[in-house]
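# Overview (structure and organization)
Read off the chains here:
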Amino acid sequence: MAGYVPTTSEVLLDIGQEDKEDALNRHSEKLAIAIAFALLKTPPGIPIRIVKNLRVCGDCHSATKFVSKIYSREILVRDRNRFHHFKDGVCS
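Criteria and cut-off values
- Residues numbered from 1 in each chain as written.
- Predicted model: local features only at pLDDT ≥ 70, side-chain atom pairs only at ≥ 80, totals over all residues.
- Heavy atoms only, no water.
- UniProt positions renumbered as here; feature names shortened; annotations may be inferred.
- Pairing = 2+ DSSP bridges.
- Helix = DSSP H or I, 4+ residues; strand = E, 2+ residues; numbered from the N terminus.
- Contact = heavy atoms within 4.5 Å.
- Axes fitted to C-alpha atoms, helices over the stretch in contact; angles between N-to-C directions.
- Core = buried A, V, L, I, M, F, W, Y, C linked by side-chain atoms within 4.5 Å.
- Buried < 20%, exposed > 50% of the residue type's maximum accessible area, 1.4 Å probe, protein only.
- Expected span 1.5 Å × (residues − 1).
- Right-handed = clockwise from strand over helix to strand, strands pointing away.

In the annotation of an unreviewed UniProt entry, the protein chain is listed under the name DYW domain-containing protein and assigned to Cynara cardunculus var. scolymus. Of the protein chain, the UniProt comment under Sequence similarities (unreviewed entry) reads exactly: "Belongs to the PPR family. PCMP-H subfamily."

## With respect to the sheet that holds strand β4 (residues 90-91)
Pairing within the open sheet is mixed, and its four strands lie in the order β1-β2-β3-β4. Where the open sheet ends on each side, the last strands, each with one partner, are β1 (48-51) and β4. Helix α3 (residues 58-70) rests against β2 (75-78), β3 (83-87) and β4 of the sheet, and its axis sits at about 35° to β3.

## Considerations on the nonpolar core
Grouped together as the largest cluster of nonpolar side chains are 11 residues: L31, I35, A38, I48, I50, V56, C57, C60, I75, V77 and F86. Listed by contribution, the elements that provide at least two residues to this core are α2 (29-41), β1 and β2. Sorting elements by how many residues they give to this core places α2 first, with three residues. If near-sequence neighbours (up to four positions away) are discounted, V56 is found in contact with H61, V77, D79 and H84.

## Side note on α3
Its 13 residues place the ends of α3 19 Å apart at the C-alpha level, agreeing with the 18 Å of an ideal helix rising 1.5 Å per residue. Taken residue by residue, α3 has D59, C60, H61, S62, T64 and S68 as its buried positions. S72 sits one or two positions beyond α3 and adopts a positive phi of about 50°.

## Some words on the pairing of β2
Burial of the side chains of β2 is restricted to one face: I75 and V77 are buried, whereas none of L76 and R78 on the reverse face is. Bridge analysis of β1 against β2 gives four bridges, and the strand direction is parallel. Its bridge partner lying in β2, V51 is registered against R78. In this sheet, β3 lies alongside β2 in antiparallel orientation, the contact comprising four bridges. Each bridged residue has a counterpart across the sheet, and for R78 the counterpart in β3 is F83. The turn linking β2 back onto β3 is made up of four residues.

## Structural notes on the pairing of β1
Only one face of β1 is covered, namely the face carrying I48 and I50; the face carrying R49 and V51 is uncovered. Following the chain from β1 across α3 to the adjacent parallel β2, one finds a crossover that is right-handed.

So this is what it looks like as structure tokens:
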């Protein structure tokens, strides 16, 4: 409802569009679980900090922007290359 559309261009498998979207759902599940747990267990206004040992894909990046806007939370994600600072639906 907020406008999220899966970014399937990064799925390199030769499968249909619906299967690509399904593959993305399973792929980003660990990041989504980490964010959901942090939303449930931290008080509003406290930044969420997540460290990943892999690069954040474009779809995870887009989804995290929507989460930061919808829940009015600051989300800091450290991947193997850089820090991502999500706030109000924008990444620094």
